[in-house]
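Overview (structure and organization)
In case you want the letters, here they are:
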Amino acid sequence: MPEVMLGGRPVPYQLVRNPRSRHVRMTLTPDGLRVSAPSRLPEREVHRAVASKERWLLRHADKLAPAPPIPLVDGMALPFLDGEVELGVREGARATGALTPLEGRLRVRTPDPLRVRELVERAYRDAAREWFRLQCEDHAQAIGAGPASIGIRDPRTRWGSCSSSGAVSFSWRLLMAPARVAEYVVVHELAHLVHLDHSPAFWDLVASVRPGHREESAWLAEHGAWLWRSPGTGPRPPCP
Ligand SMILES: [Zn+2]
């Protein structure tokens, strides 16, 4: 992977050659910095173009070089909405994972230490199923619509979705975001049951229930990369 020096440290980036592009374009993806450049532009020129955007890149420094996930170990604090839960890892014949917010715990039992992350994610998913169900119930009246079904997923490109048949789905990772951010996504998707577009009427409805929706969606835009790599990548960025 090519690297560029930014703020005194090497930052790796993925270089993609695009015969149709005429400029160097930089995008921040969940996997770090991606640079698309015209096929025949010498690498040195690409490098120079990336380096010239140093100030912009440093502002997004937390997304540039994805740190390898920290191993999830017994006793670690994991983010859960506005608080944390303590991870408990025990050996067991059967692999299980359960998140109990009221006790502030996420317990994993496993015969294989390499499965801890998978079981932690499974526990978050189960907790998400219950949390999003209650949230949809809570907000259905204000929005004037409730979903036909609720799915829990882990899509790479969005945090929630809504289909024309009335099915909504949410990423379990939202349980690691501040509660008001996760609630905003619920309201956003429920509002799509009324307006299946991003028209002014849609945003009016969202704003009537979530006056702070701009800050909430800005948090996701800014810290989405942190959510993708969590849990195990340090403390949650502060609430808007
Ligand atoms: Zn939308």
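The model shown is predicted, which means the values in this text are computed figures rather than measured ones.

**Quick notes on the overall build of the protein**
Looking only at helices and strands, one finds six helices and 11 strands in the protein. Buried positions account for 42% of the 240 residues belonging to the protein. Across the protein, the fraction of contacts at a sequence separation of at least 24, relative to all contacts at a separation of at least 6, is 49%. A total accessible area of about 13,100 Å² is found for the protein, and carbon and sulfur atoms account for 52% of it. Counting 33 positive and 27 negative side-chain charges, the protein places the centres of these two groups 8 Å from one another.

**Overview of the coordination of the zinc ion**
Surrounding the zinc ion are the protein donor atoms His188 (NE2), His192 (NE2) and His198 (NE2), at 2.0 Å. Along the chain, the residues donating to the zinc ion are arranged with the sequence spacing H-x3-H-x5-H. Given the relative accessible area of 10%, histidine 192 is considered buried.

**Quick notes on the packing of aromatic side chains**
The final tally for this structure, using the stated rule, is six aromatic pairs. Look at tyrosine 124 and tryptophan 172: their rings are 5.5 Å apart centre to centre, the planes differ by 35°, and that puts the pair in the tilted class. Here the residue tyrosine 124 occupies a position in helix H3 (residues 116-143), and tryptophan 172 occupies one in the loop between strand S11 (167-171) and helix H4 (179-194), the gap between them amounting to 48 residues. The pair tyrosine 124 / tryptophan 172 is uniform in exposure class, with both members buried. With centroids separated by 5.0 Å and ring planes inclined at 90°, the aromatic side chains of tryptophan 131 and phenylalanine 132 adopt a geometry described as edge-to-face.

**Some thoughts on the pattern of salt bridges**
Considering all chains together, one arrives at 14 salt bridges under this definition. The shortest N-O distance in the salt bridge between glutamate 118 and arginine 122 comes to 3.5 Å. On the criterion of helical spacing, the pair formed by glutamate 118 and arginine 122 is a turn pair, its members being four residues apart in helix H3. Note on arginine 122: relative accessible area 34%, which makes it partly exposed. Here arginine 133 ties to glutamate 130 by a salt bridge, and the two come within 3.1 Å at their closest N and O atoms. Separated by three residues within a single helix, arginine 133 and glutamate 130 lie in helix H3, roughly one turn from each other. Residues joined in a network through salt bridges with shared partners are Arg180, Glu183, Arg210, Glu215 and Glu216.

**Details of the domain arrangement of the protein**
Each assigned domain of the protein is listed with its residue range as follows: domain 1 (3-63) and domain 2 (77-229). When each unit is reduced to the centre of its C-alpha atoms, the spacing between domain 1 and domain 2 is 32 Å.

**Some thoughts on the environment of valine 116**
Looking at the secondary structure, you find valine 116 in helix H3. Along the sequence, valine 116 and valine 73 sit 43 residues apart, while their C-alpha atoms lie 8.0 Å from each other. Not counting residues within four places of it along the chain, the set of residues in contact with valine 116 comprises Leu72, Leu87, Val89 and Thr110.

**Points about the sheet that holds strand S7 (residues 96-100)**
If you trace the four strands from one edge of the open sheet to the other, you get S5-S6-S8-S7, paired in mixed fashion. Of all the strands in the sheet, the pair left with one neighbour each is strand S5 (77-80) and S7. For this sheet, the mean inter-axis angle between neighbouring strands, taken without regard to orientation, is 25°. Judged from the four bridges that link them, S5 and strand S6 (residues 83-91) form a sheet pairing that is antiparallel. When the sheet's bridge partners are listed, alanine 77 is paired in S6 with glutamate 86.

About the thresholds
- Residues numbered from 1 in each chain as written.
- Predicted model: local features only at pLDDT ≥ 70, side-chain atom pairs only at ≥ 80, totals over all residues.
- Heavy atoms only, no water.
- Helix = DSSP H or I, 4+ residues; strand = E, 2+ residues; numbered from the N terminus.
- Buried < 20%, exposed > 50% of the residue type's maximum accessible area, 1.4 Å probe, protein only.
- Contact = heavy atoms within 4.5 Å.
- Areas by Shrake-Rupley, 256 points an atom, 1.4 Å probe, with all protein chains shown as cover.
- Lys, Arg positive; Asp, Glu negative; His and termini not counted.
- Charge placed at Lys NZ, Arg CZ, Asp CG, Glu CD.
- Donors = N, O, S within 2.8 Å, 3.2 Å for Na, K, Ca; no water.
- Phe/Tyr/Trp six-rings, centres within 6.5 Å; stacked < 30°, edge-to-face > 60°.
- Salt bridge = Lys/Arg side-chain N within 4 Å of Asp/Glu carboxyl O.
- Domains from an automatic or database assignment.
- Pairing = 2+ DSSP bridges.
- Axes fitted to C-alpha atoms, helices over the stretch in contact; angles between N-to-C directions.

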